[in-house]
Amino acid sequence: MSDKLAQIIKPDTFYYTAVKGSPFALDCVVFGLSQNEILALSKRFPNTGTDVVNGVVIKGSPLPVINALAELGYKVICSTGEAEILWTLQREI
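J.: Pulling in residues and values, what's your account of the packing of aromatic side chains?
T.: A complete count under the given rule lists one aromatic pair for this structure. Taken together, a centroid distance of 6.4 Å and an interplanar angle of 50° make the contact between Phe-14 and Tyr-16 tilted. Judged by its relative accessible area of 30%, Phe-14 is partly exposed. You can call Tyr-16 partly exposed: its relative accessible area is 43%.

J.: For the environment of Gly-49, give the residues involved together with the corresponding values.
T.: Within the secondary structure, Gly-49 sits in strand β3 (residues 49-52). Since its relative accessible area comes to 21%, Gly-49 is described here as partly exposed. It is 8.2 Å that separates the C-alpha atoms of Gly-49 and Lys-59, two residues lying ten residues apart in sequence. If near-sequence neighbours (up to four positions away) are discounted, Gly-49 is found in contact with Val-56 and Val-57.

J.: How would you sum up a nonpolar patch on the surface? Please name residues and give values.
T.: A surface patch of nonpolar side chains, about 260 Å² in accessible area, is lined by Phe-14, Tyr-16 and Ile-77. Turning to its location among the elements, Ile-77 is positioned in strand β5 (residues 75-81). On the accessibility criterion, Ile-77 (39% relative accessible area) is partly exposed.

J.: Lay out the pattern of salt bridges in plain terms, naming residues and giving numbers.
T.: A full pass over the atoms with the stated rule returns four salt bridges. We note a salt bridge from Asp-27 to Lys-59, for which the minimum N-O separation is 3.9 Å. Taken together, the residues span a long stretch of sequence, with Asp-27 in the loop between β1 (14-21) and β2 (28-31) and Lys-59 in the loop between β4 (55-58) and α3 (62-71) at a distance of 32 residues. On the basis of relative accessible area, Lys-59 is assigned to the partly exposed category, the value being 44%.

J.: Can you explain the sheet that holds β2? Please cite residues and give values.
T.: Judged by pairing direction, the sheet is antiparallel, and its six strands sit side by side in the order β3-β4-β2-β1-β6-β5 without closing on themselves. Sheet topology places β3 and β5 at the edges, where each strand pairs with a single neighbour. Within this sheet the neighbouring strands show an average axis-to-axis angle of 30°, counted without direction. Bridge analysis of β3 against β4 gives two bridges, and the strand direction is antiparallel. From the neighbouring strand, Gly-49 faces β4, where its bridge partner is Val-57. Here α3 sits on the sheet in contact with β1, β2, β4, β5 and β6 (85-92), set at roughly 5° to β6.

About the criteria used
- Residues numbered from 1 in each chain as written.
- Predicted model: local features only at pLDDT ≥ 70, side-chain atom pairs only at ≥ 80, totals over all residues.
- Heavy atoms only, no water.
- Phe/Tyr/Trp six-rings, centres within 6.5 Å; stacked < 30°, edge-to-face > 60°.
- Buried < 20%, exposed > 50% of the residue type's maximum accessible area, 1.4 Å probe, protein only.
- Helix = DSSP H or I, 4+ residues; strand = E, 2+ residues; numbered from the N terminus.
- Contact = heavy atoms within 4.5 Å.
- Patch = residues over 30% accessible without salt bridge, like charges linked within 9 Å, V, L, I, M, F, W, Y side chains within 5 Å.
- Areas by Shrake-Rupley, 256 points an atom, 1.4 Å probe, with all protein chains shown as cover.
- Salt bridge = Lys/Arg side-chain N within 4 Å of Asp/Glu carboxyl O.
- Pairing = 2+ DSSP bridges.
- Axes fitted to C-alpha atoms, helices over the stretch in contact; angles between N-to-C directions.

Next up, the structure:
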């Protein structure tokens with residue numbers, strides 16, 4: 001990439017994860033976490049499992065899980081759904 005083009009394009013690098021669940025449920029699924037992030041969440045939410053393709057089941061309501069991810073630097077950037085919601089979170093690397 002040329003220096004001029006590099007000045008125009010700011011190389012912000014983000015990491016994304018998603019939380020799927022219902023605000024009324026006692027568990028949720030989180031996709032896209034690193035092993036260290038899974039370990040950090042499993043200390044706060046015991047009985048965390050890995051029986052979902054590309055994700056991990058967290059034995060905790062989605063909102064406390066999202067708050068725990070916020071402590072790791074994530075912020076919610078969008079959500080979609082009704083009875084079951086998918087929250088997309090990002091953090092800057």
